[in-house]
Amino acid sequence: MAVKIFKLEDIEVYRESLVLAKEIFELCKNPVLKKEFSLCDQLKRACISVCANIAEGYGRKTRKDFAHFLSVALGSANELIALLDIVKINFSNLETDMLSSKYNILGKRIYAFRKRLTV
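Computed from a predicted structure; not experimentally measured. (Residues numbered from 1 in each chain as written. Predicted model: local features only at pLDDT ≥ 70, side-chain atom pairs only at ≥ 80, totals over all residues. Heavy atoms only, no water.)

A.B. asks: Explain the nonpolar core to me, please; I cannot follow it from the model alone.
C.D. replies: Across soluble globular proteins, nonpolar side chains show a tendency to be buried alongside one another. Judged by nonpolar contacts, the single largest core of 36 residues is most densely connected at Ile24, Leu33, Leu43, Ile54, Tyr103 and Ile110. Counting only elements with at least two residues in this core, the list comes to α1 (12-27), α3 (37-58), α4 (63-90) and α5 (97-117). Here this core takes ten residues from α4, the largest share from any one element. When near neighbours in sequence (up to four residues on either side) are disregarded, Leu43 contacts Ile24, Cys28, Leu33, Leu80, Leu83, Leu84 and Val87. (Core = buried A, V, L, I, M, F, W, Y, C linked by side-chain atoms within 4.5 Å. Buried < 20%, exposed > 50% of the residue type's maximum accessible area, 1.4 Å probe, protein only. Helix = DSSP H or I, 4+ residues; strand = E, 2+ residues; numbered from the N terminus. Contact = heavy atoms within 4.5 Å.)

A.B. asks: In this structure, what is going on with the environment of Leu84? I would like to understand it.
C.D. replies: Note that Leu84 resides in helix α4. Taking relative accessible area as the criterion, Leu84 reaches 0% and is therefore assigned buried. Leave out the neighbours within four places in its chain, and Leu84 touches Ile24, Leu27, Leu43, Thr96, Leu99, Ser100 and Tyr103.

A.B. asks: Please explain the packing of aromatic side chains as it appears in this structure.
C.D. replies: Within the structure shown, the criterion is met by two aromatic pairs. A centroid spacing of 6.4 Å and a plane angle of 70° characterise the contact between Tyr58 and Phe66, whose relative ring orientation is edge-to-face. According to the relative accessible area criterion, Phe66 is buried, its value standing at 8%. Taking the centre distance of 5.5 Å and the plane angle of 85° together, the rings of Phe66 and Phe113 count as edge-to-face. Of this pair, Phe66 sits in helix α4 while Phe113 sits in helix α5; the two residues are 47 residues apart in sequence, bridging distant segments of the chain. With a relative accessible area of 10%, Phe113 lands in the buried category. A network of ring pairs unites the aromatic residues Tyr58, Phe66 and Phe113 as a single cluster. (Phe/Tyr/Trp six-rings, centres within 6.5 Å; stacked < 30°, edge-to-face > 60°.)

If you want it as structure tokens, here you go:
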């Protein structure tokens, strides 16, 4: 049974992206990582991009347009995985595996949602 979407907050991947964005912002508060301004800035920008592109796509008139913005959001989710890998290899004392796994799952969900839009 399909879920009806009446507002942006009805989109599960959007809600999940907001929760994960909070986790990224919390990670960037770590004193060790906080000193790496450009890395933290890129992490924050990428997580914001996931949320923002889902929202922007939702506001478009066609399913094709929405699917395009979901593709961009998926790209940003994958960017986050790469950035978290960079954090992991440079700051071995910081745990990023769980967050990386969550973004991997979110990416799969965004992909599946996009696929449903284009069928």
